Amino acid sequence: MSKFYLLILCLFCSLLTFSQPLTVAESSNFESTSNEKDVNEFIRQLSKKSGNIKVETIATSTEGRPIQLMVIADPMIKSPEKLATDPRVVLYIQANIHAGEVEGKEASLMFARDLISGMKKEVLKNVIVLICPNFNPDGNEAISVKNRTHQNGPKNGVGLRHNGQMLDINRDALKLETPEMNGLMKNVLLKWDPQITLDCHTTNGSYHEEPVTFTWMMNPAGERSLMDYMEKQMMPAVATTLRNEYKVENCFYGEFVDMKMPEKGWEEYASEPRYLTNYIGVRNRLAILNENYVYADYKSRVLGCYGLLHAVADYAAQHATEVRELIQKADQKTIARGLNPATTDSFPIQYIGKPIQEKVTIKTFEVDVITDPEGRETYKKTDRKKTVQVPYIARYEAIRSVKFPFAYLYAISDPLAVNLLRKHGIRVSQLSKAQSFEVETFKLTELKATTRLNQGHFNQTASGIWTNEHVEFKAGTFVVRTAQPLANIAAYLLEPQSNDGLVTWNFLDRYLLPQWGRGFNAYPVYKIIEPVKIEDTVLPLL
């Protein structure tokens, strides 16, 4: 008997035997989705039925709603501090960051019920599971049939993409302007340090038959061995299990480079760490982006996502030791690099996507090209099915890089940016006395802002040249050593030509231009390239 049929049988027996609650999706025959009250009541009922679940609060939303996190373990871990000696891996499942994309919310609740009912005993032997089914409760409470009208169900409508601040939380991983992402950082990533994260979404792009798609973290600032592991081992294995054992057709997530000629390739284009999955990859952890197919019916999307959660958890349980060791080695490698950076060690400031080693198969549809009165082309899906085997552009590699330093010096007393680093878990110190160093200094030649607001910002791009100088720094100057696990996040924020850093998101605007006159002020972040003695005092994390 396949895992799919066994799962359905166990699910039915569980509901009958243990009077387990039904999700709104299930109780409505997959015609509706849950509001905040429904989700919290479901979690409350689960917590009453088992000692293997405890409920924590990640954050409080802008509109005052608590964001709940289920911690499911057998036996229950006494505290996150015990994780250092616990052989289990931590799997974090998050849904509804975009509250119009709801199937992950329903599927994760169903999966939580499976875990506490005893259906997944083998998983809980090796995995501690964290589940946040409703990460954007403010967006979720705006459920309306007027939202995402192109989406195939549910009939009662869905919520909004943005949160209560009108911000897209899935663009906030680095700048940390939302309470949701700040809470995730403090109460999940820093507190529980999950080795694997799965973030659930719904697609908006190309046409295909597969109801479930997924991909992995791919920003080249992260540890390449982790991306290779996902590309060549974990993700193909999960895809096979999902298809063969849980009977869910699936493919890796992407869009066609050219919908008229799908043979040109299938591309995952979102590689910046402002996106949560890529951010987690730059933290040296494994991350999966789940995108369920918007034009599939609602039931297929929910059950397909449900199958994916099972397939990922199965893999995590079967490879727990391997995953822990892989991540430990990645952290050790990052720390060792920072202790004595080689001349070849670099940080990518520009990169391009290239095909992975294996082609992928997509069950797509041919499209007709429609030209509107203004001459613009749009595409209309036909019923003509077409299976293609195409390059998958999901391996991002640097085409421009800068030297990776031994340490960064931040020469501004304003704590705004420094506190952002500390919120991420980056260790920051201060010079205990005035000291002089040979440094690389970035001389700005151009600062160019976008003409359109993005998440409330006119994003900046800096151009300039690096020069070598001998500079004396006063006591209290902030220091960020790169011999730490989160060095890649620190570099992404501090490098002036980073495409997602402090410059990008306007943290340094007031310091870069003089109030009077022409030219630019000195870029306030300096790089110590070679190892040197630094007398400093470490600041606590925030």
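A.B. asks: Before we go on, may I ask you to explain the environment of A336 in this structure?
C.D. replies: Within the element layout of this structure, A336 appears in helix α11 (residues 320–339). Sequence separation between A336 and A483 is 147 residues, and the spatial gap between their C-alpha atoms is 6.4 Å.

A.B. asks: What is the right way to read the nonpolar core from this model?
C.D. replies: Nonpolar side chains in soluble globular proteins tend to end up buried together. In this structure, I72, F214, W216, M234 and L286 are the most contacted members of the largest nonpolar core, which totals 151 residues. Considering each element in turn, this core owes the most residues, 12 residues, to helix α10 (residues 298–318). Core analysis: the second largest hydrophobic core is formed by 12 residues, F406, L409, L431 and F437 among them.

A.B. asks: Would you explain the sheet that holds strand β8 (residues 255–256) in this entry?
C.D. replies: The strands making up a sheet are joined through hydrogen bonds of the backbone, oriented either antiparallel or parallel. Spatial ordering of the open sheet is given by β8-β9-β14-β11, a layout of four strands whose pairing is mixed. If you trace the sheet from one side to the other, it starts and ends with β8 and β11 (346–355), each paired once. Here two bridges tie β8 to strand β9 (residues 266–267), and the two strands are oriented antiparallel to one another. Within β9, the residue paired with E255 across the bridge is E267.

A.B. asks: Is there a simple way to explain the packing of aromatic side chains in this structure?
C.D. replies: Here a ring pair, both rings aromatic, is described through the centre-centre distance and the interplanar angle of the planes. Evaluation of the coordinates by the stated rule reveals 15 aromatic pairs. A ring pair is formed by Y207 and Y295, whose centres lie 5.3 Å apart and whose planes are at 35°; its orientation type is tilted. Placement of Y207 in the loop between β5 (196–202) and β6 (212–216) and of Y295 in the loop between β10 (286–292) and α10 is noted, with a sequence separation of 88 residues between them. Judged by its relative accessible area of 15%, Y207 falls in the buried class. Judged by its relative accessible area of 30%, Y295 falls in the partly exposed class. Arranged with centres 6.4 Å apart and planes meeting at 45°, the rings of Y410 and F478 form a pair that is tilted. Taken as a pair, Y410 in strand β15 (residues 407–410) and F478 in strand β19 (residues 478–481) lie far apart in primary sequence, 68 residues in all. F478 sits in the buried class, given a relative accessible area of 9%. Ring-pair connections join several aromatic residues into one group, and the members of that group are F214, W216, F252 and Y392. Just above the ring of W466 sits the side chain of K527; from NZ or CZ to the centre is 4.2 Å.

A.B. asks: Is there a simple way to think about the sheet that holds strand β2 (residues 66–72) in this case?
C.D. replies: Here we have eight strands laid out as an open sheet, ordered β1-β2-β4-β3-β5-β10-β6-β7, and mixed in their pairing. On the outer flanks of this sheet lie β1 (53–60) and β7 (250–252), each paired with one strand and no other. When strand polarity is set aside, the average angle formed by the axes of neighbouring strands in this sheet is 20°. Of the pairings in the sheet, the one linking β6 to β7 comprises three bridges and is parallel in character. Residue pairing for β7: V212 is matched across the bridge by N250. The strands touched by helix α3 (residues 36–49) within the sheet are β1 and β2, with β2 carrying the most contacts at an inclination of about 30°. On top of the sheet, α10 reaches β3 (89–94), β4 (127–132), β5, β6 and β10; it is set at about 170° to β5, its chief contact.

The rules behind the values
Residues numbered from 1 in each chain as written. Predicted model: local features only at pLDDT ≥ 70, side-chain atom pairs only at ≥ 80, totals over all residues. Heavy atoms only, no water. Helix = DSSP H or I, 4+ residues; strand = E, 2+ residues; numbered from the N terminus. Core = buried A, V, L, I, M, F, W, Y, C linked by side-chain atoms within 4.5 Å. Buried < 20%, exposed > 50% of the residue type's maximum accessible area, 1.4 Å probe, protein only. Pairing = 2+ DSSP bridges. Phe/Tyr/Trp six-rings, centres within 6.5 Å; stacked < 30°, edge-to-face > 60°. Lys NZ or Arg CZ within 6 Å of the ring centre and 35° of its normal. Axes fitted to C-alpha atoms, helices over the stretch in contact; angles between N-to-C directions. Contact = heavy atoms within 4.5 Å.

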